[in-house]
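# A closer look at the structure
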2 protein chains.
Amino acid sequence: MSTSAGSRAEQTLLLDDQLCFALYAASRAVTARYRPLLDELGLTYPQYLVMLVLWEQDSISVRDLGTALQLESSTLSPLLKRLEAAELLRRERRPEDERSVAIRLTEEGAALRERAGAVPPAMGNAMGLTPEQDAAVKQLLRLITSNVTAG
Amino acid sequence: MSTSAGSRAEQTLLLDDQLCFALYAASRAVTARYRPLLDELGLTYPQYLVMLVLWEQDSISVRDLGTALQLESSTLSPLLKRLEAAELLRRERRPEDERSVAIRLTEEGAALRERAGAVPPAMGNAMGLTPEQDAAVKQLLRLITSNVTAG
DNA sequence: CCCTAATCAGTTGTGCACGACTTAATAGCG
DNA sequence: CGCTATTAAGTCGTGCACAACTGATTAGGG
């Protein structure tokens with residue numbers, strides 16, 4: 001910023017200089033904005049993400065769900081139990097490998113997809129980015145995730 | 001939906017199209033990367049953010065801390081209690097307004113700042129963004145937060 | 001001056017997140 | 001074939017987040 005023009009941005013201890021805080025604050029703000037929309041579907045935000053995966057690919061293992069969402073089984077197991085209690089999905093051991101559990105949508109879970117269709121447009125509108133900004137920030141976030149997850 | 005070039009990005013139900021998921025995944029990945037660094041300081045990530053604020057402005061109220069970090073007192077109160085138990089700060093009712101509680105660093109808490117100085121450069125390096133990318137993503141994240149927090 | 005409304009910090013209950021661990025089942029090497 | 005290492009899902013403990021609420025205190029209008 002001031003003197004040394006290093007290859008990196010200044011790295012102070014000021015809160016508002018921290019990219020990590022901008023990320024953390026934005027993530028929580030966006031989740032908060034989703035909440036009323038998802039309340040109408042009876043879902044929390046992480047539950048909504050699980051349903052997104054299932055609407056794309058039904059009958060997925062807990063393991064593959066964890067890979068898609070980057071979540072541990074210790075997070076997913078209780079969450080899936082709640083979605084099962086809500087009658088949105090079923091869990092059954094795979095006969096060909098009894099270690100694995102297949103997650104399948106119920107009719108009710110599959111039907112919820114239609115009502116969920118209104119959510120992404122509403123949120124896109126709330127975020128108020130141009131398509132170019134949306135694409136740019138998505139790409140940069142993936143770059144960060146990739147860089148930070150490696151080594 | 002597929003063809004029409006509307007003013008917004010496509011709004012499907014595919015997980016990987018969702019900006020919200022990119023945000024959520026990046027935020028958790030970054031926090032995870034911080035964890036070993038902060039473990040050495042004996043801090044969690046939200047505790048680290050609180051300390052950042054206190055290193056900037058000592059003797060701050062719980063309310064103003066909440067404004068800075070966009071966190072509720074129901075989140076901050078237990079967190080501050082843990083930091084007080086760790087001897088990093090003290091809480092005392094303000095004589096001039098007994099509703100308010102002033103948070104003050106202990107010597108130990110103030111001293112931790114030096115060791116924390118290594119954290120932002122290490123994380124900046126891990127994220128691996130150019131200064132331009134860093135600035136761009138910070139600006140976009142603030143725009144999202146601002147848009148989504150309004151109305 | 002009183003008294004009602006607003007403000008502040010904190011408690012409680014629910015649901016993530018994640019590390020450390022457990023249990024069960026399978027893979028694959030000798 | 002037998003045995004050990006690996007894998008899958010789940011439990012448990014800790015610490016956020018946040019809504020709904022409580023209790024104490026102060027502000028400000030009538």
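What you see is a predicted model, and the numbers here were worked out from it, not measured in a lab.

Cut-offs and rules
Residues numbered from 1 in each chain as written. Chains lettered and ligands numbered in written order. Predicted model: local features only at pLDDT ≥ 70, side-chain atom pairs only at ≥ 80, totals over all residues. Heavy atoms only, no water. Near = heavy atom within 4 Å. Polar contact = N/O pair within 3.5 Å; in protein donor to acceptor, adjacent residues only side chain to side chain. Helix = DSSP H or I, 4+ residues; strand = E, 2+ residues; numbered from the N terminus. Nonpolar A, V, L, I, M, F, W, Y, C, P; charged D, E, K, R; others polar. Least-squares fit on C-alpha atoms with pLDDT ≥ 70 in both. Contact = heavy atoms within 4.5 Å. Phe/Tyr/Trp six-rings, centres within 6.5 Å; stacked < 30°, edge-to-face > 60°. Buried < 20%, exposed > 50% of the residue type's maximum accessible area, 1.4 Å probe, protein only. Buried area = accessible area lost by both parts, 1.4 Å probe. 1 Å grid on protein atoms, 1.4 Å probe; cavity = no way out; pocket = protein on both sides within 12 Å on 5 of 7 lines; lining within 4 Å. Points joined across faces, edges and corners; volume = space filled by probe spheres on them.

## So, the protein's contact with DNA strand D
Taken together, the neighbourhood of DNA strand D is formed by 26 residues, with Y24(A), R63(A), S73(A), S77(A) and R82(B) sitting nearest. By atom count, sugar and phosphate contribute 74% of the portion of DNA strand D lying within 4 Å of the protein. One of the side-chain N or O atoms of S77(A) is found 2.7 Å from a phosphate oxygen in DNA strand D. Between Q47(B) and DNA strand D, the recorded distance is 2.9 Å, taken from a side-chain N or O atom to a phosphate oxygen. Taken together, the elements giving at least two residues each to the surface near DNA strand D come down to α1 (19–41), α3 (62–69), α4 (73–85), β2 (89–94) and β3 (97–105) of chain A together with α2 (45–56), α4 (73–85) and β3 (97–105) of chain B. Tallied by class, residues from the surface near DNA strand D come to six nonpolar, nine polar and eleven charged.

## So, the relation of the copies chain B and chain A
Laying chain B over chain A is done by rotating through 180° and shifting 0.0 Å along the axis; what remains is an RMSD of 0.0 Å. The superposition operator between the copies reduces to a two-fold rotation axis. Within chain B, the C-alpha atom positioned nearest to the axis of rotation is that of V137(B), 3.1 Å from it. With an isologous cut-off of 70% or more, the 100% of interface residues of chain B that recur at the interface of chain A puts this contact in the isologous class.

## Concerning the protein's contact with DNA strand C
Taken together, the neighbourhood of DNA strand C is formed by 26 residues, with T44(A), R82(A), Y24(B), R63(B) and S73(B) sitting nearest. Restricting the count to atoms of DNA strand C within 4 Å of the protein gives a sugar and phosphate share of 73%. The contact in question runs from a phosphate oxygen of DNA strand C to an N or O atom on the side chain of R82(A), over 2.6 Å. Every element with two or more residues in the surface near DNA strand C is listed here: α2 (45–56), α4 and β3 of chain A together with α1 (19–41), α3 (62–69), α4, β2 (89–94) and β3 of chain B. Of the residues in the surface near DNA strand C, the class split is six nonpolar, nine polar and eleven charged.

## Points about the packing of aromatic side chains
The description of an aromatic ring pair uses the distance of the two centres, along with the angle that the planes make with each other. Taken as a whole and assessed by the stated rule, the structure comprises ten aromatic pairs over all chains. Note on F21(A) and Y24(A): the rings are 6.3 Å apart at their centroids and 40° apart in plane angle, and the pair reads as tilted. Separated by three residues within a single helix, F21(A) and Y24(A) lie in helix α1, roughly one turn from each other. We note that F21(A), like Y24(A), is buried. Centre to centre, the rings of Y34(A) and Y45(A) are 5.3 Å apart; their planes meet at 50°, and the pair counts as tilted. With a gap of eleven residues between them, Y34(A) in helix α1 and Y45(A) in helix α2 connect regions that are remote in the sequence. Here Y34(A) falls in the buried class, since its relative accessible area comes to 1%. Among the aromatic residues, those joined into a ring-pair cluster are F21(A), Y24(A), Y34(B), Y45(B) and Y48(B).

## Side note on the interface of chain B and chain A
Every contact between the two is made by 66 residues of chain B and, on the other side, 66 residues of chain A. With both chains or domains summed, chain B and chain A bury close to 6,000 Å², and 67% of this area falls on carbon and sulfur atoms. The tally of links between chain B and chain A comes to 16 residue pairs in polar contact (both at pLDDT 80 or more). Elements supplying a minimum of two residues to the side of chain B that touches chain A: α1, α2, α3, α5 (107–116), α6 (119–127) and α7 (131–149) of chain B. Examining the composition of the side of chain B that touches chain A, we find that 15 residues originate from one element, α7(B), more than from any other. The residue inventory of the side of chain B that touches chain A, partitioned by class, reads 40 nonpolar, 16 polar and ten charged.

## Here we look at the environment of T44(B)
All names here are of chain B. Along the chain, the position of T44 falls in the loop between α1 and α2. We classify T44 as partly exposed; its relative accessible area is 38%. In this structure the C-alpha to C-alpha distance between T44 and Y34, which are ten residues apart in sequence, comes to 8.9 Å.

## Observations regarding the layout of surface pockets
Taken as a whole, the largest pocket spans an internal volume of roughly 590 Å³. In this structure, the largest pocket is lined by 24 residues; those nearest its centre are Y24(A), S27(A), R28(A), A29(A) and L71(B). When residues of the lining of the largest pocket are traced back to their parent elements, those giving at least two are α1 of chain A together with α1, α3, α4 and α7 of chain B. Of the residues forming the lining of the largest pocket, the biggest block, nine residues, is contributed by α1(A). Looking at the lining of the largest pocket residue by residue, the class counts come to seven nonpolar, eleven polar and six charged. Roughly 330 Å³ of volume is contained in the second largest pocket. Taken together, 13 residues line the second largest pocket, and the ones lying closest to its centre are Q70(A), T149(A), R28(B), A29(B) and A32(B). Those elements that provide at least two residues to the lining of the second largest pocket are α7 (131–149) of chain A together with α1 of chain B. Among the elements that make up the lining of the second largest pocket, the one with the highest residue count is α1(B) (seven residues). Within the lining of the second largest pocket, the residues separate by chemical class into five nonpolar, four polar and four charged.

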